[in-house]
Amino acid sequence: DGGITQSPKYLFRKEGQNVTLSCEQNLNHDAMYWYRQDPGQGLRLIYYSQIVNDFQKGDIAEGYSVSREKKESFPLTVTSAQKNPTAFYLCASKGNTEAFFGQGTRLTVV
Amino acid sequence: AQSVTQLDSQVPVFEEAPVELRCNYSSSVSVYLFWYVQYPNQGLQLLLKYLSGSTLVKGINGFEAEFNKSQTSFHLRKPSVHISDTAEYFCAVSGQLGGSYIPTFGRGTSLIVHP
């Protein structure tokens, strides 16, 4: 079945470490997005990509980096510069109208 | 710029009662409107969408929403809720910004259905 796969589902990071969250889609969508979700704050846009080898910063890009080397893949790296990385991260892709979401990755700093 | 305001952070309701979750949006361009549902520790699932045409749209699980352009609203309704409808609901708008349709989400409304 077509869809979006995020891995891992749970991730623990020590302070000062970089971690990479995986997002893969087989929906043949050009556009992909990363959102961060915190309680009571909804979804905030981190980065987005409209096409392979191109991506743009969203509203809260500081401390994050992305790449888009393949249409199917849009990994997110949470760097040590992100001061408060504990959150639920959602990846999405979009065709002509609505966005489709993965199941999310919950990142916890320990 | 575009934005979405969900007027209620939490809506408690008894089982089999009707419910309305409110959503207002602002945008300088034409928009598509969406409602998504999220269960704990899961991604978002599309409930319904308005693209054009009839202002009353029906979605899954018995939900419906009405687009009101003059009031810039897109309220979600269900005539009789079930315990299983307890979840977080997000309203979203997608308009054209710099050539890209970027989905923008509200802060969410937590629907709590009591027996």
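Each chain has its residues counted from 1, running along the sequence as written. To read the labels, note that chains go from A and ligands from 1, taken in the order they are written. Given that the model is predicted, a residue must reach a pLDDT of at least 70 before its local features are reported, and side-chain atom pairs must reach 80 or more before they are shown or counted; all residues, however, enter totals for whole chains, interfaces and linings. Here the side-chain values reflect all heavy atoms present in the structure, with hydrogen atoms and water set aside.

K.L.:
In this structure, what is going on with the state of the cysteines? I would like to understand it.
P.N.:
In a disulfide, the sulfur atoms of two cysteines are covalently bonded to one another. Residue and element names in this part refer to chain A. Pairs of cysteine sulfur atoms within 2.5 Å are identified as disulfides in what follows. Applying the stated rule across the entire model yields two disulfides over all chains. Sulfur-sulfur distance for the disulfide between Cys 23 and Cys 91 comes to 1.9 Å. Residues Cys 23 and Cys 91 are joined through a disulfide that is left-handed, its torsion about the S-S bond being -75°. Linking Cys 23 in strand E3 (residues 19-25) with Cys 91 in strand E9 (residues 87-94), this pair joins segments that are 68 residues apart in sequence. Under the scheme used here, helices are H or I runs from DSSP no shorter than 4 residues and strands are E runs no shorter than 2 residues, and both carry numbers assigned from the N terminus.

K.L.:
What is the right way to read the sheet that holds strand E8 (residues 76-78) of chain A from this model?
P.N.:
To summarise the sheet geometry, strands pair through backbone hydrogen bonds and adopt either a parallel or an antiparallel arrangement. Residue and element names in this part refer to chain A. With antiparallel pairing, the four strands of this open sheet are ordered in space as E1-E3-E8-E7. The strands lining the two open edges of the sheet, one partner per strand, are strand E1 (4-7) and strand E7 (64-66). Shown here is a sheet whose adjacent strand axes are inclined to one another by a mean of 20°, direction ignored. Two elements, E7 and E8, share three bridges in a ladder whose sense is antiparallel. Paired with Val 66 across the bridge in E8 is Leu 76. Strands were regarded as paired on the criterion that DSSP finds at least two bridges between them. Axes, fitted as lines to C-alpha atoms, cover a helix only where it is in contact. Angles between the N-to-C directions of the axes lie from 0 to 180 degrees.

K.L.:
I would appreciate a short explanation of the pairing of E9(A) in the present structure.
P.N.:
Residues and elements named next belong to chain A. The cut-offs for exposure are 20% and 50% of the maximum accessible area for each residue type, with area from a 1.4 Å probe on protein chains only; residues under the lower value are buried, those over the upper are exposed, and the others partly exposed. For E9, a buried count of eight out of eight residues is recorded, marking the element as mostly surrounded by other parts of the structure. Where burial is concerned, the two faces of E9 agree: the one with Ala 87, Tyr 89, Cys 91 and Ser 93 and the one with Phe 88, Leu 90, Ala 92 and Lys 94 are both buried. Bridging between strand E4 (residues 31-37) and E9 involves seven bridges; their strand directions are antiparallel. Its bridge partner being in E9, Ala 31 is matched across the sheet by Lys 94.

Any functional reading would require information that these geometric values do not contain.
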